[in-house]
Amino acid sequence: MESQPNKLAFDSGWAYSPAPESTDHVHIDKKYDLFIGGEFVAPVKGGYFETINPATEEVLSSVAEATDADVDRAVKAARKAYRGAWSKMNAAERGKYIFRIARILQERAREFSVIESLDGGKPIRESRDIDIPLAAAHFFYYAGWADKLGYAFPGRTPKALGVAGQIIPWNFPLLMAAWKIAPALACGNTVVLKPAETTPLTAMKLAEVIRDAGLPPGVVNIVTGAGKTGAAIVNHPDVDKIAFTGSTDVGRLIQRAIAGTKKKYTLELGGKAANIIFADAAIDQAVEGIVNGIFFNQGHVCCAGSRLFVQESVADEVIQKLKDRMETLIVGDPLDKNTDVGAINSAPQLEKIESYLKIGQQEGAEMYQSSCPVPKRGYWCRPTIFTGVSQSNRVVQEEIFGPVLAIQTFRTLEEGLTKANNTPYGLSGGVWTDKGAKIFKMTQQVRAGVIWANTFNKFDPTSPFGGYKESGVGREGGLHGLGAYVRLEPQS
Ligand code: NAP
Ligand code: MG
């Protein structure tokens with residue numbers, strides 16, 4: 001498949017030549033079993049499902065579907081490992097295993113990047129520069145904490161929880177696995193992880209890495225499947241903690257399912273981030289920040305800047321510059337290094353996005369799409385903006401999880417703030433201004449877990465991440481992320 005030359009570039013005769021990343025070095029098995037107790041084992045009921053490449057609709061591999069009996073096996077293996085080698089191990093030794101995972105990931109980064117782009121549709125530039133290096137960085141960071149836990153909570157003694165059940169979405173498959181597994185292991189827990197149905201392959205490759213790193217059998221178990229497999233983990237009586245990243249709807253189901261049990265939980269849920277541009281901002285950088293916030297990675301980002309608020313005096317300029325920039329975006333082959341916007345992750349997700357494009361127009365908003373060509377096969381959505389929206393419109397209130405931006409204007413800081421906070425979500429936000437005082441005011445008063453100033457979508461393993469309101473419960477990352485995997489006892 002070739003990436004599509006965009007119209008503006010094509011007309012002016014400077015379209016980039018295709019620069020596809022090679023897949024020669026990548027090996028994907030025809031079939032993947034479950035990773036339980038340190039071995040790859042067939043599912044009890046013998047069911048498998050296919051995972052496809054959303055850019056071509058071609059089948060990449062068959063993956064085991066774990067049923068309740070398989071989840072039970074995985075939890076038992078995790079419990080055995082927790083009681084055995086893992087909890088008896090000296091913390092510095094435990095750290096060495098996690099460092100080893102990090103180093104192997106770094107060594108195999110190119111292979112992981114290509115598989116992430118093949119299985120999920122994200123541009124290789126994202127998986128190569130963001131997903132895979134950050135996943136390795138998380139393992140490095142938490143490996144360093146393993147033997148320093150005693151210093152993390154002054155006056156209290158942290159104790160591992162036991163078996164952690166972890167369920168992750170399809171938008172950052174390996175990175176979410178790293179966010180979950182690294183702190184759990186550093187704190188001395190064992191793990192049963194379920195990747196999303198559409199993107200299981202890097203998790204299965206991670207299982208190989210974990211085996212190659214020599215972790216004691218059962219410390220990490222990876223079970224593939226769909227929602228039912230996730231529910232089996234949530235409902236298993238011998239799981240001590242649930243860590244979930246995904247939609248707010250499923251987060252609610254989980255909260256209901258574990259209410260009244262002893263299970264601890266963290267939930268990282270949906271978002272509808274406000275990106276707020278003041279008239280005194282560096283406009284060109286802000287436009288690039290808008291594009292980065294919502295169009296790169298197809299808007300498949302929980303903290304995507306999907307609501308834009310522009311100060312009225314610069315609104316025409318910002319919107320025009322944004323439209324011009326949208327025309328230059330390259331939509332197409334995720335493996336092409338020039339691609340800005342890859343494939344939508346699955347047919348149902350594309351359907352959902354397209355339904356919102358209709359809803360936005362029915363609500364009376366004006367829709368503008370980049371005129372870029374898109375490939376014939378696969379799942380694609382052109383970068384899209386809606387103007388003339390009001391606060392109550394569904395495209396403003398609901399998470400679309402696609403390259404779709406709703407634009408509104410404001411006059412005063414207070415008006416911008418009130419509009420930005422008018423959402424059930426509170427995961428992230430962005431502020432663009434030349435004035436430090438405005439940055440402080442906005443970062444204090446926008447109700448969201450992360451606020452970026454004059455940048456957007458930047459991550460680091462040392463800084464905590466998580467939501468207010470319907471965006472979730474608890475924090476991952478940094479020192480806060482350790483707290484989610486320990487019980488704190490008075491210092492003995
Ligand atoms: P989702 O449908 O909630 O799925 C997330 C995970 O839960 C998947 O592994 C899914 O399995 C599983 N699952 C589905 N039903 C379940 C149930 N009843 N019990 C237990 N597990 C169940 O979300 P998604 O559509 O994959 O991901 C997109 C969502 O994730 C967006 O809302 C986005 O905002 C959110 N997200 C949040 C963060 C954050 O840090 N806050 C980060 C990334 C994404 P299958 O997919 O295999 O069916
Ligand atoms: Mg796939």
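The written sequence of each chain sets the order in which its residues are numbered from 1. The naming scheme follows written order: chains are lettered A onward, ligands numbered 1 onward. Owing to the predicted nature of the model, reporting of local features is limited to residues with pLDDT of at least 70; listing and counting of side-chain atom pairs is limited to 80 or more, with chain, interface and lining totals taken over all residues. Each side-chain value is derived from all of the structure's non-hydrogen atoms; neither hydrogens nor water enter the calculation.

Student: Would you take a moment to explain the domain arrangement of the protein for this structure?
Tutor: Much of the literature gives interface size as the accessible area that the parts lose upon coming together. Considered domain by domain, the protein is made up of domain 1 (31-269 + 471-490) and domain 2 (274-460). An automatic or database domain assignment supplies the start and end points of every domain. For domain 1 versus domain 2, the distance between C-alpha centres works out to 30 Å. At the interface, 28 residues of domain 1 touch 31 residues of domain 2. In this description, buried area is defined as the sum, over both parts, of the accessible area (probe of 1.4 Å) that is lost when the two are combined. Ranking the residues of domain 1 by area buried against domain 2 places Arg125, Trp170 and Ser471 at the top, with a combined share of 23%. The contact criterion used is simple: two residues touch if any of their non-hydrogen atoms lie within 4.5 Å.

Student: Is there a simple way to think about the sheet that holds strand β16 (residues 404-410) in this case?
Tutor: As a general point, the strands of a sheet are linked pairwise by backbone hydrogen bonds and lie either parallel or antiparallel. Note on pairing: two strands pair once DSSP finds at least 2 bridges between them. Labels follow the DSSP assignment, with helices taken as runs of H or I lasting at least four residues and strands as runs of E lasting at least two, numbered in each case from the N terminus. On the basis of which strands lie adjacent, the open sheet formed by seven strands has the order β14-β15-β16-β13-β12-β17-β18 and mixed pairing. Where the open sheet ends on each side, the last strands, each with one partner, are β14 (366-369) and β18 (450-453). When the angles between neighbouring strand axes are averaged without regard to direction, this sheet yields 20°. Summarising the sheet, strand β12 (residues 274-277) and strand β13 (residues 307-311) pair through four bridges and their orientation is parallel. Its bridge partner being in β13, Ala274 is matched across the sheet by Arg307. All axes here are fitted lines through C-alpha atoms, helices being fitted over the stretch that makes contact, and every angle between N-to-C directions spans 0 to 180 degrees. With respect to the sheet, helix α12 (residues 312-328) is in contact with β13, β14, β15 (384-387) and β16, its orientation differing from that of β13 by roughly 135°.

Student: Sorry if this is basic, but what is going on with the coordination of the magnesium ion (ligand 2) here?
Tutor: Expected angles at a metal are 109.5 degrees for tetrahedral coordination by four donors and either 90 or 180 degrees for octahedral coordination by six donors. Around the magnesium ion (ligand 2), the protein contributes the donor atoms Thr51 (OG1), Ile52 (O), Asp119 (O), Asp119 (OD) and Thr198 (O), at 2.2 to 2.5 Å from the metal centre. Metal coordination here is assigned from N, O and S atoms located within 2.8 Å of the ion, or within 3.2 Å for Na, K and Ca; omission of water means that sites may look incomplete. In terms of primary sequence, the donors binding the magnesium ion (ligand 2) are separated according to T-I-x66-D-x78-T. One end of the pair, Thr51, is in strand β4 (residues 48-53); the other, Thr198, is in the loop between β8 (190-194) and α8 (201-212), and 147 residues separate them in sequence. Classification of Thr51 as buried rests on a relative accessible area of 0%. According to the relative accessible area criterion, Thr198 is partly exposed, its value standing at 23%. Throughout, exposure labels follow a simple rule: accessible area from a 1.4 Å probe, protein chains only, divided by the maximum for the residue type, with under 20% read as buried, over 50% as exposed, and the rest as partly exposed.

Student: Whenever I open this one, the site of ligand 1 confuses me. Can you help?
Tutor: One heavy atom suffices: a residue is near a molecule or strand as soon as one of its heavy atoms comes within 4 Å of it. Close contacts around ligand 1 come from 29 residues, with Ile168, Glu197, Ser247, Leu269 and Glu399 the closest. A distance of 3.3 Å separates an oxygen atom of ligand 1 from a polar backbone atom of Gly246. In the environment of ligand 1, an oxygen atom lies 2.6 Å from a nitrogen or oxygen atom belonging to the side chain of Ser247. The Shrake-Rupley method, run with a 1.4 Å probe sphere, supplies the accessible areas, and residue values consider only the shown protein chains as cover. Within the complex, the protein chains bury 87% of what would otherwise be the 900 Å² of accessible surface of ligand 1. Those elements that provide at least two residues to the shell around ligand 1 are α9 (227-235), β10 (241-245) and α10 (248-258). The greatest single-element share of the shell around ligand 1, amounting to three residues, is contributed by α9. Polar here means any residue other than Ala, Val, Leu, Ile, Met, Phe, Trp, Tyr, Cys and Pro, which are nonpolar, and Asp, Glu, Lys and Arg, which are charged; Gly is therefore polar. Grouping the constituent residues of the shell around ligand 1 by class yields 16 nonpolar, nine polar and four charged. When residues of the shell around ligand 1 are sorted by domain, at least three fall in each of domain 1 (31-269 + 471-490) and domain 2 (274-460). Identification of polar contacts relies on pairs of N or O atoms within 3.5 Å, with a donor-acceptor requirement for protein atoms, meaning one able to donate a hydrogen and the other able to accept it, and with residues adjacent in sequence counted only if both atoms are side-chain atoms.

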